[in-house]
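# Report on the structure
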Amino acid sequence: MPSNFAQRPSFLFASLFSILIVGFLGYCNSLEVPFLFDDMNNIVSEQNIQTLDLKKIWDGNTLRSVTVFTFALNYRWGRLSPFGFHLFNLLIHLGCAIMVFLLVRLLLTAPFSSPRSSPEKSDVSTFIPLFAALLFVSHPIQTQAVTYVVQRAASLATFFYVSALYFYLAGRLSWNKDKRKSGACFFFVSVCTLFAFFTKEISATLPFALFAVEFFFLGWPDRKNVLRLAMAFFFPLFALLSALWLFKRPIFMAIFQRVFEGIPQIRTSHYLLTQCNVIGTYLRMLLVPIGQNLDYDYPIAQTLWEMPTLLSFSFLVALWVWGGWLWRKNRLASFAIFFFFLALSEIGRAHV
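Residue numbers restart at each chain and count upward from 1, following the sequence in its written direction. In keeping with the model being predicted, local features are shown solely for residues with a pLDDT of at least 70 and side-chain atom pairs are shown and tallied solely at 80 or more, while totals for entire chains, interfaces and linings include all residues. To obtain the side-chain values, all non-hydrogen atoms of the structure were used and water was disregarded.

## Notes on the nonpolar core
Note the following rule: As used in this record, nonpolar core signifies buried Ala, Val, Leu, Ile, Met, Phe, Trp, Tyr and Cys residues forming a set joined through side-chain atoms within 4.5 Å. Partly exposed describes any residue whose relative accessible area lies between the buried limit of under 20% and the exposed limit of over 50%, with all areas from a 1.4 Å probe on protein chains only and scaled to the type maximum. Secondary structure elements follow DSSP: runs of H or I of four or more residues count as helices, runs of E of two or more count as strands, with numbering from the N terminus. Contact definition: two residues touch when any of their heavy atoms are within 4.5 Å.
The biggest cluster of nonpolar side chains holds 51 residues, and the ones touching the most others in it are Leu-165, Leu-206, Val-213, Phe-216 and Phe-217. Those elements that place two or more of their residues in this core are α1 (9-27), α5 (82-107), α7 (128-138), α9 (152-173), α10 (179-197), α11 (206-218) and α16 (331-344). Residue contributions to this core peak at twelve residues, all from α5. Among residues more than four places away in sequence, those in contact with Phe-216 are Phe-112, Trp-327, Arg-331, Ser-334, Phe-335 and Phe-338.

Next up, the structure:
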């Protein structure tokens, strides 16, 4: 197989076409699913989506105003027909899968990506981006994010999140070759980051993910790269905090209150211990997706010394240590492990 096989337009087209077909076939039977649970409050009974009044949308739910705006677009095009809402969700999911393909494809070209020491490894690595995207688009664990309309917030935030990572890496890799292309990429990093921040709160970890891309695949930034790193890491975060302070001070304060208050109904220590079990279940479902449920009634862990909690905690610590061990041997695998934990984290609470 030629070394430039993955760069051929025919291979790229076939890969993207495969991703779209697999994703569409997997979810085309969900386009007529009725609204459920939180859909009723956030869509059916939500008056702010019945007009494209940006001020009402912003005032009604600032931290998810981009998501609400897409609901308003759906309402404008098809009223409360579930078909349009589900089709929009599916298109977002397909877009996420394509961005996963492009990001992994670009990561393999980064300076500190895993070395390709043999032709066999090079041939296999050619298909890694396609495999990752196909797994992402077809895995049953994505069902809720695609078919449960209100969960569009998670899918859309993921799209902006992954897009920001892609543009950041593309900008860094092209800096010494094409300054205009690099500048355009950094501009899109900021745009995608700000859109992600106002789509769902899970995007608060994005600046740290950008730093992780720099650290894992580009090495420690030297003096010449400090400004570029600061542009991607600090500017979006500063812009977000400034916007919230100027336009929505109560929400600005609420973000920090959530850090210290946690969940009122559950003690913070019990919640964190329970999350160890939840993440363990999540990992198990990634490998063996059996027993999925739309609304889990998960038991609250009381102490670390309960056997399920202790086993889950020990496994997660071992996984973290393994990620550190892989850092010198396989940067992509190491990054995947740490990114998994980062993607599950959120200010004040984590949702799985």
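Following the structure, the description resumes.
## A closer look at unusual backbone geometry
Located in the positive-phi region is Phe-37, a residue other than glycine, with phi close to 45°. Position of Phe-37 among the secondary structure elements: in the loop between α1 and α2 (38-44). Despite not being glycine, Arg-79 shows a phi value in the positive range, around 55°. When you line up the elements, Arg-79 lands in the loop between α4 (65-78) and α5. The exposure class of Arg-79 is exposed, given its relative accessible area of 54%.

## Re the pattern of salt bridges
To be explicit about the condition: By salt bridge we mean one thing: a side-chain nitrogen of Lys or Arg within 4 Å of a carboxyl oxygen of Asp or Glu.
This model, assessed by the stated rule, comprises three salt bridges. Among the salt bridges present, the one from Asp-59 reaches Lys-55, with a minimum N-O distance of 2.8 Å. With Asp-59 and Lys-55 both in helix α3 (residues 54-60), this residue pair falls four residues apart, about one helical turn. One salt bridge in this structure joins Arg-64 and Glu-201, with 3.0 Å as the shortest N-O distance. You can see Arg-64 sitting in the loop between α3 and α4 and its partner Glu-201 sitting in the loop between α10 and α11, a full 137 residues away along the chain.

## Observations regarding the confidence of the model for the chain
Spelled out, the test is: Summary of the metric used: pLDDT quantifies the predictor's per-residue confidence within the range 0 to 100.
Looking at the chain, pLDDT values average 81 and 79% of them are 70 or higher. Taken as a whole, residues 116-121 scores under 50 in pLDDT and shows three contacts with residues more than four places along the chain or in a different chain. Note on residues 347-352: pLDDT is under 50 here. Beyond four places in sequence and across chains, it has 19 contacts.

## Here we look at the packing of aromatic side chains
Condition: Side-chain rings of Phe, Tyr and Trp (the six-membered ring for Trp) are treated as a pair once their centres are within 6.5 Å; stacked means planes under 30 degrees apart, edge-to-face means over 60, and tilted covers the remaining angles.
A complete count under the given rule lists 24 aromatic pairs for this structure. Ring centres of Phe-35 and Phe-85 lie 5.4 Å apart, and the angle between their planes is 80°; this geometry places the pair in the edge-to-face category. With Phe-35 in the loop between α1 and α2 and Phe-85 in helix α5, the pair connects residues that are 50 residues apart, well separated along the chain. Both residues of the pair, Phe-35 and Phe-85, belong to the buried class. Seen from their ring centres, Phe-215 and Phe-216 are 5.6 Å apart, and the 85° between their planes marks the pair as edge-to-face. Chaining the aromatic ring pairs together yields one cluster made of Tyr-161, Phe-215, Phe-216, Phe-217, Tyr-282, Trp-320, Trp-327, Phe-335, Phe-338, Phe-339, Phe-340 and Phe-341.

## Description of the packing of α4 against α5
For clarity, the cut-off: Axes here refer to lines fitted to C-alpha atoms; in helices the fit is confined to the stretch in contact. Angles between the N-to-C directions go from 0 to 180 degrees. Throughout this description, any angle smaller than 35 degrees is read as roughly parallel, any larger than 145 degrees as roughly antiparallel, any in the 65 to 115 degree range as roughly perpendicular, and the remainder as oblique. It is the rotation of the near helix from the far one that decides the hand of a crossing: anticlockwise by less than a right angle makes it left-handed, clockwise makes it right-handed.
At a closest axis distance of 9 Å, the pairing of α4 and α5 adopts a crossing angle of 135°. The orientation of α4 relative to α5 falls into the category oblique. When you trace α4 past α5, the crossing you get is right-handed. Taking contact as the criterion, the partners of Thr-70, Phe-71, Asn-74, Tyr-75 and Trp-77 in α4 are, on α5, Gly-84, Phe-85 and Phe-88.

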